[in-house]
Amino acid sequence: MPLERVKRDLQKKPPGGVDAEPDDHGLGRSRGGLTTKLHLAVEQGQKPLSLLVTAGQRHDGPQFQPVLDDMRVPRTGPGWPRTKPNRVRAGKAYGSRANHAYLRRRGVKCTIPEKADQIRNRQKLGSRGGRPPEFDKDDYKQRHAVECGIGPALA
């Protein structure tokens, strides 16, 4: 028997890691220890519309669509709640091609900055790399509403 196997067999508790915590818990391991991530959609008035809690080691990008799909804005009069935002402002972590395509299919305008490695890869391809996504710096300044909306979402 290899020495590592003998040590592992003598261990009293199972080793920790990403599989130690159930999937439905919003607690996970990262470099800083046990952490949680909040994925939040808020209106410009900082009212939370949708909240998703994931483990700290989970990637942000795949959570984009579930957060938007869960969003419901009640109408002032009769009718079904609105489920499609007019505009989305998000951080670089949500700037994948899949998320941009999802927003285009739904007809939603977006302001999401491009990651530096995505810019390099697109430019490396030359004319085959396509055009950069539209980005308005002044509009992106309004993204602070999400940061300000975290406090009321937890209350």
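Quick note: structure is the one above.
Residues numbered from 1 in each chain as written. Predicted model: local features only at pLDDT ≥ 70, side-chain atom pairs only at ≥ 80, totals over all residues. Heavy atoms only, no water.

*Asks:* Would you take a moment to explain the pattern of salt bridges for this structure?
*Replies:* Opposite charge on two side chains lets them pair, provided their charged atoms get close. Here the structure, examined in full by the defined rule, presents six salt bridges. The partner of Asp-139 in a salt bridge is Arg-89, with the nearest N and O atoms 2.8 Å apart. With a gap of 50 residues between them, Asp-139 in helix H5 (residues 137–140) and Arg-89 in strand S4 (residues 87–89) connect regions that are remote in the sequence. The exposure class of Asp-139 is buried, given its relative accessible area of 13%. Overall, the relative accessible area of 24% leaves Arg-89 in the partly exposed class. Here Glu-114 and Arg-122 are joined by a salt bridge, their closest N and O atoms 3.0 Å apart. Each of Arg-87, Arg-89 and Asp-139 takes part in salt bridges that share partners, so that together they form one network. (Salt bridge = Lys/Arg side-chain N within 4 Å of Asp/Glu carboxyl O. Helix = DSSP H or I, 4+ residues; strand = E, 2+ residues; numbered from the N terminus. Buried < 20%, exposed > 50% of the residue type's maximum accessible area, 1.4 Å probe, protein only.)

*Asks:* Can you help me understand helix H3 (residues 97–106) in this one?
*Replies:* Structural remark: α-helix, 3.6 residues per turn; residues separated by three or four positions point the same way. Buried residues of H3: Asn-99, His-100, Tyr-102 and Leu-103, and no others. For H3, the arc enclosing every buried residue in end-on projection is 160°, short of the 170-degree limit, so these residues lie on one face. Pointing more than 90 degrees away from the buried face of H3 are the exposed residues Arg-97, Arg-104 and Arg-105. Along its buried surface, H3 packs onto helix H2 (64–69), S4 and strand S5 (109–111). (Arc of directions from axis to C-beta. Contact = heavy atoms within 4.5 Å.)

*Asks:* Is there a simple way to explain the nonpolar core in this structure?
*Replies:* In summary, soluble globular proteins display a tendency toward joint burial of nonpolar side chains. Counting residues in hydrophobic clusters, the biggest one holds ten residues: Phe-64, Leu-68, Val-88, Ala-90, Tyr-94, Tyr-102, Leu-103, Val-108, Cys-110 and Ile-112. For this core, the secondary structure elements donating two or more residues are H2 and H3. In this view, Cys-110 contacts Arg-87, Val-88, His-100, Leu-103 and Glu-134; residues no more than four positions away in its chain are not counted. Among the nonpolar cores identified, the runner-up in size contains five residues, and Leu-49, Val-67, Met-71 and Val-73 belong to it. (Core = buried A, V, L, I, M, F, W, Y, C linked by side-chain atoms within 4.5 Å.)

*Asks:* Explanation requested: the sheet that holds strand S3 (residues 48–55) in the structure shown.
*Replies:* Ordered in space as S1-S2-S3, the three strands form an open sheet in which the pairing is antiparallel. Edge positions in the sheet fall to strand S1 (28–30) and S3, since each has one partner strand and no second. Ignoring strand direction, the axes of neighbouring strands in this sheet form an average angle of 45°. (Pairing = 2+ DSSP bridges. Axes fitted to C-alpha atoms, helices over the stretch in contact; angles between N-to-C directions.)

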